[in-house]
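Here are the chains, one letter per residue:
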Amino acid sequence: MSTTALPTVRSWQPSAPSPRRTQRLVEILDLLTARGAMSVGVLCCELRVSPATLRRDMTHLEDQGLVTRTRGGARANTGPELPVRLRDTKSPLAKHAIAVTAAALLPADRPLAVAIGGGSTAAEVARELGQRRRLTIVTNALTTAAAVAARPNLQVIMTGGVIRASSFELVGSLAESAFNGISVNLAILGADGISAANGVTTHDHTEARTNHAMVSHAHRLMVVADGSKIGQATVAKVADASAIDILVTDASADPDQLAELAELGVTVHVARISPRRG
């Protein structure tokens, strides 16, 4: 009986953009979001790139559904919220320093149950907690779960819910029901805005309700956010500023805003940024 050798099939995955290109993609989206539709010529001047490079970047963003090409230019489809896959590239040193500081505040000598929300800074905290033992992490964020899912020393629990494409968070009634059925020592929450006047805010009302359910069933609340979020307010409120027990940010945060938050009883930790080695 003759046999025929099967052809070798090589798996293929699209390569991720280089860090330099990813930063350029973020800059394109920032410009289009701030100014509306822009021409190729103006974008090339702003970014100091060739038309050929810009066209390749525009094609990539269009394929991701982030921009719409117009006659001679483009406009953003993202609104004020940067997609999480590009948000990770902003302020990486600050986010890492915040995560290291936040993780160090958690006691390592006793079992803990921690709820961790979405966002790049919260996911970075989860990575820093990856070596802990006797730690249970409850999350509604795919990015946070992915950061710790392979750690056999952790118990990782994920909620159900509907995935928000821009944040990779599971939201809605299923996620809220999951949080309503638990009690954790600490909730660690990222945010799009934090201020004494407006509290913790995000861009989406459904996400805000889900995060509120998480916060409501935690004994304490820690908010982690880089300095650009301090003093800002977005459309959907998660919690009052007085509900925050701990805020971890970096030195770029407005000191007057931090002082106002401290007056409300928030313990503020300012992370020291140091360059990563290697």
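Procedures and definitions
Per chain, residue numbering runs from 1 following the sequence as it is written. Note on the predicted model: pLDDT of at least 70 is required for a residue's local features to be given, and 80 or more for side-chain atom pairs to be given and counted; whole-chain, interface and lining totals, by contrast, use all residues. By convention in this description, side-chain values take in all heavy atoms of the structure and omit both hydrogens and water. Note that a disulfide, as used here, is simply two cysteine sulfur atoms within 2.5 Å. To get an axis, a line is fitted to the C-alpha atoms, and for a helix only the part in contact is used. The angle between two axes follows their N-to-C directions and goes from 0 to 180 degrees. Put simply, DSSP H or I for four residues or longer makes a helix, DSSP E for two residues or longer makes a strand, and each gets a number counted from the N terminus. Throughout this description, any angle smaller than 35 degrees is read as roughly parallel, any larger than 145 degrees as roughly antiparallel, any in the 65 to 115 degree range as roughly perpendicular, and the remainder as oblique. Any pair of residues with heavy atoms lying within 4.5 Å of one another is described as a contacting pair. We define a salt bridge as a contact between a side-chain nitrogen of Lys or Arg and a carboxyl oxygen of Asp or Glu at a distance within 4 Å. Three labels apply to residues, based on accessible area from a 1.4 Å probe with only protein chains included: buried if under 20% of the type maximum, exposed if over 50%, partly exposed otherwise in between. In this scheme, a crossing is called left-handed if the near helix is turned counterclockwise away from the far one by less than a right angle; it is called right-handed if the turn is clockwise. Residue type decides the class: Asp, Glu, Lys and Arg count as charged, Ala, Val, Leu, Ile, Met, Phe, Trp, Tyr, Cys and Pro as nonpolar, and the leftover types, Gly among them, as polar. Nine residue types can take part in a nonpolar core, namely buried Ala, Val, Leu, Ile, Met, Phe, Trp, Tyr and Cys, and a core is a set of them joined through side-chain atoms within 4.5 Å. In this analysis, strands are considered paired if DSSP registers two or more bridges between them. Only residues whose relative accessible area exceeds 30% and that form no salt bridge enter a patch; like-charged residues are grouped when within 9 Å of one another, and nonpolar side chains (Val, Leu, Ile, Met, Phe, Trp, Tyr) when within 5 Å. Using the Shrake-Rupley algorithm and a 1.4 Å probe, accessible areas are obtained, with residue cover drawn only from the displayed protein chains.

Participant: I would appreciate a short explanation of the state of the cysteines in the present structure.
Facilitator: Put plainly, two cysteines are in a disulfide when a covalent bond ties their sulfur atoms together. If you walk through the whole model with that rule in mind, you get 0 disulfides. Here Cys44 is not disulfide-linked; the sulfur of Cys45 is the nearest cysteine sulfur, at 7.0 Å.

Participant: Would you explain the packing of helix H8 (residues 173-180) against helix H9 (residues 205-216) in this entry?
Facilitator: For any two helices packed against each other, one specifies the crossing angle of their axes together with the interaxial distance. At a minimum axis separation of 8 Å, H8 and H9 run at an interaxial angle of 10°. Classified by the angle their axes make, H8 and H9 are roughly parallel. Within the contact between the two elements, H8 uses Ala175, Glu176, Phe179 and Asn180 and H9 uses Thr206, Arg209, Thr210, Ala213 and Met214.

Participant: It is not clear to me how the pattern of salt bridges should be interpreted in this structure. Could you clarify?
Facilitator: Taken as a whole and judged by the stated rule, the model has 8 salt bridges. Measuring nitrogen to oxygen at the nearest pair gives 3.8 Å for the salt bridge that ties Asp204 to Arg164. Of the two residues, Asp204 sits in the loop between strand S11 (199-202) and H9 while Arg164 sits in strand S7 (residues 162-164), which places them 40 residues apart along the sequence. Judged by its relative accessible area of 21%, Asp204 falls in the partly exposed class. You can call Arg164 buried: its relative accessible area is 13%. As a salt-bridge pair, Asp240 and Lys237 come within 2.4 Å of each other at their nearest N and O atoms. Of the residues examined, Lys237 reaches a relative accessible area of 44% and is grouped as partly exposed. Among the charged side chains, a salt-bridge network with shared partners connects Arg164, Asp204 and Glu207.

Participant: How do you make sense of the packing of helix H5 (residues 92-104) against helix H6 (residues 120-128) when you look at a structure like this?
Facilitator: Where H5 meets H6, the closest approach of the two axes is 8 Å, and the angle between their N-to-C directions is 50°. Viewed along their axes, H5 and H6 adopt a mutual orientation that is oblique. Between H5 and H6 the crossing geometry is right-handed. Each of Lys95, His96, Ile98, Ala99, Val100, Ala102 and Ala103 in H5 lies in contact with H6, whose residues at this interface are Ser120, Thr121, Glu124, Val125 and Glu128. Per-class residue counts for the contact of H5 with H6 are 6 nonpolar, 3 polar and 3 charged.

Participant: Would you take a moment to explain the nonpolar core for this structure?
Facilitator: Note that soluble globular proteins tend to have their nonpolar side chains buried in a common cluster. Grouped together as the largest cluster of nonpolar side chains are 30 residues, with contacts concentrated most on Ile194 and Val223. Within the residue set of this core, elements represented by two or more residues are strand S4 (112-116), strand S9 (184-189), H9, strand S12 (218-224), strand S13 (236-239) and helix H10 (255-263). Top element by residues in this core is H9. It accounts for 4 residues. With residues near it in sequence (within four places) discarded, Ile194 still touches Gly199, Val223, Ala225, Lys229, Ile230, Gly231, Gln232, Ile244 and Leu261. Ranked by size, the runner-up nonpolar core spans 25 residues in total, among them Leu129, Leu135, Val148 and Leu154.

Participant: How should I be thinking about the environment of Leu31 in this particular structure?
Facilitator: Relative to the assigned elements, Leu31 resides in helix H1 (residues 19-35). A relative accessible area of 15% places Leu31 in the buried class. When the C-alpha positions of Leu31 and Leu43 are compared, they lie 8.2 Å apart, and in sequence the two are 12 residues distant. Leaving out residues up to four positions away in the same chain, Leu31 has contacts with Gly36, Met38, Leu43, Glu46 and Leu47.

Participant: Looking at this structure, how should I read the sheet that holds strand S2 (residues 67-70)?
Facilitator: The 3 strands are arranged S1-S3-S2 in an open sheet whose pairing can be described as antiparallel. Edge positions in the sheet fall to strand S1 (38-39) and S2, since each has one partner strand and no second. Sheet topology places S2 next to strand S3 (residues 73-76); 4 bridges connect them, and they run antiparallel. Residue pairing for S3: Val67 is matched across the bridge by Ala76. Across the face of the sheet, helix H3 (residues 51-63) comes into contact with S2 and S3 while running at roughly 130° to S2.

Participant: Looking at this model, I keep getting lost on a nonpolar patch on the surface. Mind explaining?
Facilitator: Together, Leu142, Met158 and Ile163 make up an exposed nonpolar region whose accessible area comes to about 240 Å². Along the chain, Leu142 turns up in helix H7 (residues 142-148).

Participant: Help me out: how do you make sense of unusual backbone geometry in this one?
Facilitator: One non-glycine residue with positive phi stands out, namely Arg134, at about 55°. Mapped onto the elements of the fold, Arg134 is located in the loop between H6 and strand S5 (135-139). Phi at Phe168 is positive, roughly 60°, even though this residue is not glycine. Residue position: Phe168 is located in the loop between S7 and strand S8 (169-171).

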